[in-house]
Number of protein chains: 4
Amino acid sequence: MVTLDEMSAEVRAEVARVRDLVARLHAELPRWDLVVWTAGNVSQRVRVHDGEDLFVIKPSGVTYDELTPESMVVCTLDGELVDGTRAPSSDTAAHAYVYRHMPEVGGVVHTHSTYATAWAARGEEIPCVLTMMADEFGGPVPIGPFALIGDDSIGRGIVETLTGSRSPAVLMRNHGPFTIGKDATTAVKAAVMVEEVARTIHVARQLGEPVPIDQNAIDSLYARYQNVYGQPAPAQR
Amino acid sequence: MVTLDEMSAEVRAEVARVRDLVARLHAELPRWDLVVWTAGNVSQRVRVHDGEDLFVIKPSGVTYDELTPESMVVCTLDGELVDGTRAPSSDTAAHAYVYRHMPEVGGVVHTHSTYATAWAARGEEIPCVLTMMADEFGGPVPIGPFALIGDDSIGRGIVETLTGSRSPAVLMRNHGPFTIGKDATTAVKAAVMVEEVARTIHVARQLGEPVPIDQNAIDSLYARYQNVYGQPAPAQR
Amino acid sequence: MVTLDEMSAEVRAEVARVRDLVARLHAELPRWDLVVWTAGNVSQRVRVHDGEDLFVIKPSGVTYDELTPESMVVCTLDGELVDGTRAPSSDTAAHAYVYRHMPEVGGVVHTHSTYATAWAARGEEIPCVLTMMADEFGGPVPIGPFALIGDDSIGRGIVETLTGSRSPAVLMRNHGPFTIGKDATTAVKAAVMVEEVARTIHVARQLGEPVPIDQNAIDSLYARYQNVYGQPAPAQR
Amino acid sequence: MVTLDEMSAEVRAEVARVRDLVARLHAELPRWDLVVWTAGNVSQRVRVHDGEDLFVIKPSGVTYDELTPESMVVCTLDGELVDGTRAPSSDTAAHAYVYRHMPEVGGVVHTHSTYATAWAARGEEIPCVLTMMADEFGGPVPIGPFALIGDDSIGRGIVETLTGSRSPAVLMRNHGPFTIGKDATTAVKAAVMVEEVARTIHVARQLGEPVPIDQNAIDSLYARYQNVYGQPAPAQR
């Protein structure tokens, strides 16, 4: 297997930059109350010219106080460790599957954030009843299948659910949200926003039914937001 | 279009003071859990003697860690950029509309705070069943119309709902709260208080019906609070 | 009216000590999420040998960032300002009434903490279904009457409800909790604990009915806790 | 009774190390919102070669700001104070009972965390409907009996409920969670996780019924997690 030392200076510099970014982005997860203890992980793809892409991900079981750029691990898109002194996150196979099958995706995030996970536990998609949700998600947040860890089931469930969907977030049943984006920052934003809409719409429904938003209005809000903000949807939809 | 450099030293000094204030007030929004990521915005009018008023507002898509006085942008009451290196908030047109049509308003705040937005999603006004709500709002917090971003619909909905109302807050349907005040500090306080009463009354109603407060008592509390605290209601009511 | 300068060195030293304590205790209110903005207030009695007692309380409308020992105000038990450059809290009359009518009380706290205020909005006492509640409150937390600010109604409602009750907390209807203690620290603890039990029992009841605790067990827990911890109940019960 | 000074240098060094660890771990309780004021306690066993084990626990009624390694107290497994200047936590007898009867347990934690305590108030076990719960708990979190403080009732209830259970957490009825682990860090993690699953499943059930997970899938997730992470279950199951 290739090692980082054998790669070009350009790749090594990009890996270093992404390690720093991914380490810093992990701090956003406890900041917005999306994770407890060591749960949750962020990764970003490293595009390699004339070679196989890599990605940088959190090591397994490390607390949020210990996350440094050096502790981040580097993997191939098959999930094999290329560089790093710790074992990669136990969700590495799912991240790797997404990068292999969705070439436009540059960042993946997984959390067990409370409200998104509660919708996932009921296997119920989040309806699009807020303008901010129309902006960011362009419709409901879909439910992915129940899948056990250990093979490609989780990755496949994410890819099958998000392909052809406007939503950058999927709620894996009985498990929790996975989000994608053109880079890790965008995927972290989607993780923050899916919890925000999951919580707000949960609270709204506790005392009655939210007023629906017309599909035309949803389409209009989504189109405007994606253009004005210049952020193409992660899966080039 | 006029630039800041062409204005009097007095106006430039006031703009600098307001930039500093508005930058600092943005820190109150995450502090009281009213916003996530880059959502939410605060603005304050700059009154210009012998000329057109201006207002200072947050730039678009900037995180709460990056907000400095220099990054704040200055606009005319038509929402045109007068000074600043970034694009103004996408809610600038709504703020501008309010300043044009409510001359007594000196500050505007918009958030997607969870509980206020949940009432907005159901299109249900918040009933006045707490003494602190009678103090601050003088009655229920009203619902504004559903309005798309992109023209004056949001601004018009705010102005039409709040004109003649005691409440400094309106819940725009399926969207979230906008608050007004004689200055930005007062409008931020109203944004904090509308979430506080939205949350407390939501929680109260989860297990039954709150006891109503007599209209006479509401009127008495409101009159006393507005006088004792010497804060004239924003719309000169 | 007497001024602080005319009092003995001993009283002046005690006032200085209590000012420092009361300023520091105010920081506990936002720390435990009991207040927003400038809401809430803590006071402590200053016992004066051979003279009239005083108490130290928060000034009106000052934010939690600005609270210093110097900004605290000193009042007589009639609520008249003795020392301080700001107007006392608008709840000063209620604190003063409690100190005049409950000589064993040395500290009073008022907040609008969310869950306690929600029970107050429904006018429903909090049932004693947790061992920690039996320890601290010895039974249910009672509801006080609806009372307008401006005369002695609030203070009288507090005193009438807490006299003969084990509970150091009363939920004033449609208003919020007031707590008492042998000193301000004990009253702050009661304010923290009343929100804790209000929240936990609210959550428990959202999905069914809590199991009752036998009165004998409540009595036993209360007796043990009050003795072991050596803290006589505020009203010498 | 033996004193710390009479023990070997090795034991004294280990006690010093554990005092430091237990003091630091207490900071995790307020960090993850598991406790208010002085509630909650963490202990860790000190294994003594050729002698009786000891354990280190928090002193009674000390605030989370005051917790230093020196303030931690050292007890025998009968709950007798061996070293320390303060009285041990009032839950010391329960911790001691667990250490006496579960030799494989090296750490015990007790909190009144809101959602776990709410399930305890209803006397209702938490069903295993999340993959993270299958990983960590291997099934439901069980309810322990109602027990008064003052004798071995609480300790006996913990031991009887957790013996033969996969769960490292028990919800003592009308009281709150106790958790165990091979050391204090593991027991603190269990305290964080029991609140996490209690909250998420509470929220899920507020709007319907979670989808059950097959027992086979629960067994598979639990077996994998306990092996991959190399953490033998606390009770040597």
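What counts and what doesn't
Residues numbered from 1 in each chain as written. Chains lettered and ligands numbered in written order. Predicted model: local features only at pLDDT ≥ 70, side-chain atom pairs only at ≥ 80, totals over all residues. Heavy atoms only, no water. UniProt positions renumbered as here; feature names shortened; annotations may be inferred. Contact = heavy atoms within 4.5 Å. Buried area = accessible area lost by both parts, 1.4 Å probe. Salt bridge = Lys/Arg side-chain N within 4 Å of Asp/Glu carboxyl O. Pairing = 2+ DSSP bridges. Helix = DSSP H or I, 4+ residues; strand = E, 2+ residues; numbered from the N terminus. Axes fitted to C-alpha atoms, helices over the stretch in contact; angles between N-to-C directions. Buried < 20%, exposed > 50% of the residue type's maximum accessible area, 1.4 Å probe, protein only. Least-squares fit on C-alpha atoms with pLDDT ≥ 70 in both. Parallel < 35°, antiparallel > 145°, perpendicular 65-115°, else oblique. Left-handed = near helix turned anticlockwise from the far one by under 90°. Nonpolar A, V, L, I, M, F, W, Y, C, P; charged D, E, K, R; others polar. Patch = residues over 30% accessible without salt bridge, like charges linked within 9 Å, V, L, I, M, F, W, Y side chains within 5 Å. Areas by Shrake-Rupley, 256 points an atom, 1.4 Å probe, with all protein chains shown as cover. Lys, Arg positive; Asp, Glu negative; His and termini not counted. Charge placed at Lys NZ, Arg CZ, Asp CG, Glu CD. Phe/Tyr/Trp six-rings, centres within 6.5 Å; stacked < 30°, edge-to-face > 60°. Lys NZ or Arg CZ within 6 Å of the ring centre and 35° of its normal.

As annotated in an unreviewed UniProt entry, chain A carries the name L-ribulose-5-phosphate 4-epimerase and comes from Flavimobilis soli. Among the UniProt annotations of chain A, the heading Cofactor (unreviewed entry) holds the following wording: "Zn(2+)". Under Catalytic activity (unreviewed entry), UniProt gives the following word-for-word description of chain A: "L-ribulose 5-phosphate = D-xylulose 5-phosphate".

Peer 1: Explanation requested: the interface of chain C and chain D in the structure shown.
Peer 2: Residue-level contacts link 30 residues of chain C with 25 residues of chain D. Each partner contributes to the roughly 2500 Å² buried at the junction of chain C and chain D, and carbon and sulfur atoms together form 65% of this total. Inspection of the region where chain C meets chain D yields one salt bridge. Across the pair D:Asp65 and C:Arg31 runs a salt bridge whose closest N-O atoms are separated by 2.9 Å.

Peer 1: Would you mind going over the sheet that holds strand β1 (residues 41-46) of chain A with me for this structure?
Peer 2: Backbone-to-backbone hydrogen bonds pair the strands of a sheet. The strands run either parallel or antiparallel. All names here are of chain A. Strands sit in the order β4-β3-β2-β1-β5-β8-β7-β6 across an open sheet of eight strands; the sheet is mixed. Each of the sheet's edge strands pairs with one partner strand only, and the pair in question is β4 (81-83) and β6 (143-144). Strand direction decides the pairing type here: strand β3 (residues 73-76) and β4, joined by two bridges, are antiparallel. Each residue of the ladder has a partner; that of Cys75, found in β4, is Leu81. Contacts from helix α6 (residues 153-162) reach β6, β7 (169-172) and β8 (176-181) within the one sheet, and its direction differs from that of β7 by about 135°.

Peer 1: Sorry, what's going on with the pairing of β8(A) here?
Peer 2: Each regular strand shows side chains that alternate between the opposite faces of the sheet. Residue and element names in this part refer to chain A. Within β8, six of the six residues are buried, which leaves it mostly tucked inside the rest of the structure. Where strand β5 (residues 107-110) and β8 come together, four bridges link them in antiparallel fashion. In the sheet register, Val108 faces β8, and the bridge partner there is Ile180. As paired elements, β7 and β8 share four bridges and run antiparallel to each other. Residue Val170 lies in a different strand from β8, and its bridge partner there is Phe178. Hairpin geometry of β7 and β8 is characterised by an intervening segment of three residues between the two adjacent antiparallel strands and by a positive phi of about 60° at Asn174.

Peer 1: Even after reading the chapter, I still don't get the relation of the copies chain A and chain B, so can you show me in this structure?
Peer 2: In summary, the two copies of the chain are related to each other by a rotation about an axis coupled with a shift along it. Rotating chain A by 90° and translating it 0.0 Å along the rotation axis places it on chain B, where the RMSD comes to 0.0 Å. Interpreted geometrically, this transformation is the action of a four-fold axis. Relative to the rotation axis, the C-alpha of A:Gln206 is the closest in chain A, positioned 5.3 Å from it. Looking at chain A, a mere 3% of its interface residues are interface residues in chain B too, so the copies touch through different faces.

Peer 1: Would you mind showing me how to read the packing of helix α3 (residues 92-101) of chain B against helix α6 (residues 153-162) of chain B here?
Peer 2: Angle between the axes and distance between the axes: these two values describe a pair of packed helices. Residues and elements named next belong to chain B. For the pair α3 and α6, interaxial distance at closest approach is 7 Å and the crossing angle is 45°. It follows that α3 is oblique to α6 by the angle criterion. The handedness of the crossing between α3 and α6 is right-handed. On the side of α3, the interface is formed by Ala94, Tyr97, Val98 and His101, while α6 contributes Ile154, Gly155, Arg156, Ile158 and Val159. Classifying every residue of the contact of α3 with α6 gives six nonpolar, two polar and one charged.

Peer 1: When you look at a negative patch on the surface in this model, what are you seeing that I'm missing?
Peer 2: A surface patch of like charges, here negative, comprises A:Asp33, B:Asp33, C:Asp33 and D:Asp33. Tracing the backbone through its elements, the reader meets C:Asp33 in the loop between α2 (28-31) and β1 (41-46).

Peer 1: Is there a simple way to explain the relation of the copies chain C and chain D in this structure?
Peer 2: Expressed as a screw transformation, the operator carrying chain C onto chain D has a rotation angle of 90° and an axial translation of 0.0 Å, and the superposed copies differ by an RMSD of 0.0 Å. Little of the interface of chain C is mirrored in chain D, where only 3% of its interface residues again form contacts.

Peer 1: Would you explain the packing of helix α4 (residues 114-122) of chain B against helix α7 (residues 184-206) of chain B in this entry?
Peer 2: Residues and elements named next belong to chain B. The N-to-C vectors of α4 and α7 enclose an angle of 70°; their axes lie 7 Å apart at closest approach. Compared by their axis directions, α4 and α7 come out roughly perpendicular. Relative to α7, the crossing made by α4 is left-handed. Across the interface between the two elements, Thr114, Tyr115, Ala116 and Trp119 from α4 touch Val194, Glu195, Ala198, Arg199, Ile201, His202 and Arg205 from α7. Partitioning the contact of α4 with α7 into residue classes produces six nonpolar, two polar and three charged.

Peer 1: I keep staring at the pairing of strand β3 (residues 73-76) of chain B and nothing clicks. Help me out?
Peer 2: Residue and element names in this part refer to chain B. The alternating pattern of β3 places Val73 and Cys75 on one face and Val74 and Thr76 on the opposite face, and all of these are buried. Of the pairings in the sheet, the one linking strand β2 (residues 54-57) to β3 comprises four bridges and is antiparallel in character. By the bridge assignment for β3, Ile57 is matched with Val73. Once β3 ends, the chain turns through four residues before running back antiparallel as strand β4 (residues 81-83), passing Gly79 with a positive phi of about 85°.

Peer 1: What am I meant to see in the packing of aromatic side chains here?
Peer 2: Any aromatic ring pair is given by two values, namely how distant the centres are and how the planes are angled relative to each other. Considering all chains together, one arrives at four aromatic pairs over all chains under this definition. Ring centres 5.1 Å apart and planes at 40° place the aromatic pair A:Phe55 and A:Tyr99 in the tilted group. In this pair, A:Phe55 is assigned in strand β2 (residues 54-57) and A:Tyr99 in helix α3 (residues 92-101), connecting sequence segments 44 residues apart. For the pair A:Phe55 and A:Tyr99, a shared accessibility class is recorded, and that class is buried. Stacked on the ring of C:Trp119, the Lys or Arg C:Arg122 has its end atom at 4.9 Å from the ring centre.

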